[in-house]
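What follows is the residue order along each chain.
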Amino acid sequence: MIKLFRQIRFNLMGENPTSAKAPAGSKTGKYLLYAIGEIFLVVIGILIALAINNWNQERLNGVTEHKILEEIKNDLGATLEDLNPDIESHNEILSSAIKSMQYLQQNEVHIDTLTKTLIRSFSDTRTYAKSGGMEFLKSKGLAIIKSDSLRKAITDLYELSIARLNESAEEYDNKKEMTPYLKSYFTITSLPVRNIKPPYLNDSIPLYRYKIKDYKKIKLDASLLTALKNSSTFRRRKIRRSV
């Protein structure tokens, strides 16, 4: 392209300015025209190269953006698959804690019923949000997402909503808080209740039932009642931040 422009310029000038046949006065003018023409040709070459580079970079950025968005979409889909059953579990645990508090304050309640609700209320569940796509986006720079509204929606989701979800899981560990009561008041039966066989194992796993060691003592423990109230408060907070 530049060679073509140069040939056209030579033709317009009429002759090569370096030719010995050209008069001295005209040589100076033609040298100036030659230099200006060369500068003009170089500038055109730079502009063409930049345009090609920009087009190629935009194309590469578009491919990268598509990969990032696809990975984020897959991450969010997997997180939702985990989140829905986790919310159900949170609600079940909360319901068991409320029932346990009611049973502990009643005069008489069947020991098996109290055992079942307490054991369930001692459990916990946590959602681990998938963030590989977001980390990929951060490594490439947020500006690679062309849409301002989409970029803001993604960053708000991860930096606000999912961050609050993670914080709620960190601020209260139900299993840790309830384990002392489990150790103090429960024992495990010697015979398994039933066996289960997970698909990822060749052998079945025996399940044992917990039983209360001292029914009267557990009903008189005011600290257990307080622990269940605290657990219920944090459980409601987790549920609110999950939906």
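This section reports on the structure supplied with the text. (Residues numbered from 1 in each chain as written. Predicted model: local features only at pLDDT ≥ 70, side-chain atom pairs only at ≥ 80, totals over all residues. Heavy atoms only, no water.)

A short note on the side chain of S231
How we decide: Strands are runs of DSSP state E lasting at least two residues, helices are runs of H or I lasting at least four, and both sets are numbered from the N terminus onward. Should any heavy atoms of two residues lie within 4.5 Å, those residues are counted as being in contact.
As for its position among the elements, S231 is in helix 8 (residues 222–242). For S231, the contacting residues outside a window of four places in its chain are S121, Y172, N174 and M178.

Quick look at the packing of helix 6 (residues 174–185) against helix 8
Formally: Fitting a line to C-alpha atoms yields each axis, with helices limited to the stretch in contact; the angle taken between N-to-C directions then spans 0 to 180 degrees. What sets the label is the angle itself: under 35 degrees gives roughly parallel, over 145 gives roughly antiparallel, 65 to 115 gives roughly perpendicular, and the rest give oblique. In this scheme the crossing of two helices becomes right-handed for a clockwise turn of the near helix relative to the far one and left-handed for an anticlockwise turn of less than a right angle. Only Asp, Glu, Lys and Arg are considered charged, only Ala, Val, Leu, Ile, Met, Phe, Trp, Tyr, Cys and Pro nonpolar, and every remaining residue, Gly among them, polar.
In the contact formed by helix 6 and helix 8, the axes pass within 11 Å of each other and the chain directions differ by 165 degrees. Taken together, the axis directions place helix 6 and helix 8 in an arrangement best described as roughly antiparallel. Remark: the crossing between helix 6 and helix 8 carries left-handed chirality. Residues N174, M178 and Y181 of helix 6 pack against S223, L224, A227, L228, S231 and R235 of helix 8. Tallied by class, the residues present in the contact of helix 6 with helix 8 amount to 5 nonpolar, 3 polar and 1 charged.

Some remarks on the pattern of salt bridges
Our working rule: Basic side-chain nitrogens of Lys or Arg form a salt bridge, by our definition, when they fall within 4 Å of a carboxyl oxygen of Asp or Glu. Residue burial is assigned from relative accessible area. The probe radius is 1.4 Å, only protein chains are included, and a residue is buried under 20% of its type maximum, exposed over 50%, and partly exposed in between.
Per the stated rule, a full pass over the model turns up 9 salt bridges. The partner of K146 in a salt bridge is E65, and the shortest N-O contact between them spans 2.8 Å. Taken together, the positions of K146 in the loop between helix 4 (132–140) and helix 5 (148–171) and E65 in helix 2 (residues 24–105) put the pair 81 residues apart, joining distant regions of the chain. Take E65: its relative accessible area is 11%, and that puts it in the buried class.

A closer look at the nonpolar core
Our working definition: Only buried residues count toward a nonpolar core. Its members are Ala, Val, Leu, Ile, Met, Phe, Trp, Tyr and Cys residues joined through side-chain atoms within 4.5 Å.
Counting residues in each nonpolar core, the largest one holds 20 residues, and the members touching the most others are L114, L118, F122, I218, L224 and L228. Residues in contact with L224, not counting those within four places in the same chain, are L104, L118, F122, Y181 and I218. Counting 9 residues, the second largest nonpolar core, distinct from the first, contains I145, I154, Y158 and I162.

A few points about the packing of aromatic side chains
Quick note on the threshold: Stacked, tilted and edge-to-face are the three classes assigned to paired rings of Phe, Tyr and Trp, where Trp is represented by its six-membered ring and a pair needs centres within 6.5 Å; plane angles under 30 degrees give stacked, over 60 edge-to-face, the rest tilted.
Scanning the entire structure with this criterion turns up 3 aromatic pairs. Each ring, one from Y172 and one from F234, has its centre 4.6 Å from the other, and the planes form 10 degrees; the classification is stacked. Separated by 62 residues along the polypeptide, Y172 in the loop between helix 5 and helix 6 and F234 in helix 8 bring together distant segments of the chain. Relative accessible area serves as the criterion here: at 21%, F234 is assigned to the partly exposed category. Plain terms: the ring middles of F186 and Y210 are 6.4 Å apart, the flat faces sit at 90 degrees to each other, and that makes the pair edge-to-face.

Section: a nonpolar patch on the surface
Note the cut-off: For patches, a residue must show more than 30% relative accessible area and have no salt bridge; joins then use 9 Å for like charges and 5 Å for nonpolar side chains, namely Val, Leu, Ile, Met, Phe, Trp and Tyr. The Shrake-Rupley method, run with a 1.4 Å probe, gives the accessible areas here. Residue values count only the displayed protein chains as cover.
Taken together, the side chains of V42, V43, I46, L47 and L50 present a nonpolar region at the surface, about 440 Å² in accessible area. Counting through the fold element by element, V42 comes out in helix 2.

Points about the packing of helix 5 against helix 8
Closest axis-to-axis distance for the helix 5/helix 8 pair is 9 Å, and the angle between their directions is 165 degrees. Overall, the two elements helix 5 and helix 8 adopt an arrangement that is roughly antiparallel. Considering the relative orientation of helix 5 and helix 8, their crossing is left-handed. Listed contacts from helix 8 to R164, L165, E167, S168, A169 and E171 of helix 5 are F234, R237, K238, R241 and S242. Residues belonging to the contact of helix 5 with helix 8 are distributed by class as follows: 3 nonpolar, 2 polar and 6 charged.

Overview of the environment of D124
Just so we agree on the cut-off: We call two N or O atoms a polar contact when they sit within 3.5 Å, provided that within protein one can donate a hydrogen and the other can accept it, with sequence-adjacent residues counted only if both atoms are side-chain atoms.
Relative to the helices and strands, D124 is located in the loop between helix 3 (111–121) and helix 4. Considered as a pair, D124 and I93 are 31 residues apart in the sequence and their alpha carbons are 7.4 Å apart. Aside from chain neighbours lying at most four places away, what touches D124 is H90, I93, Y172, D173, N174, K175, R235 and K238. Side-chain polar atoms of D124 contact the side chain of R235, separated by 2.6 Å.

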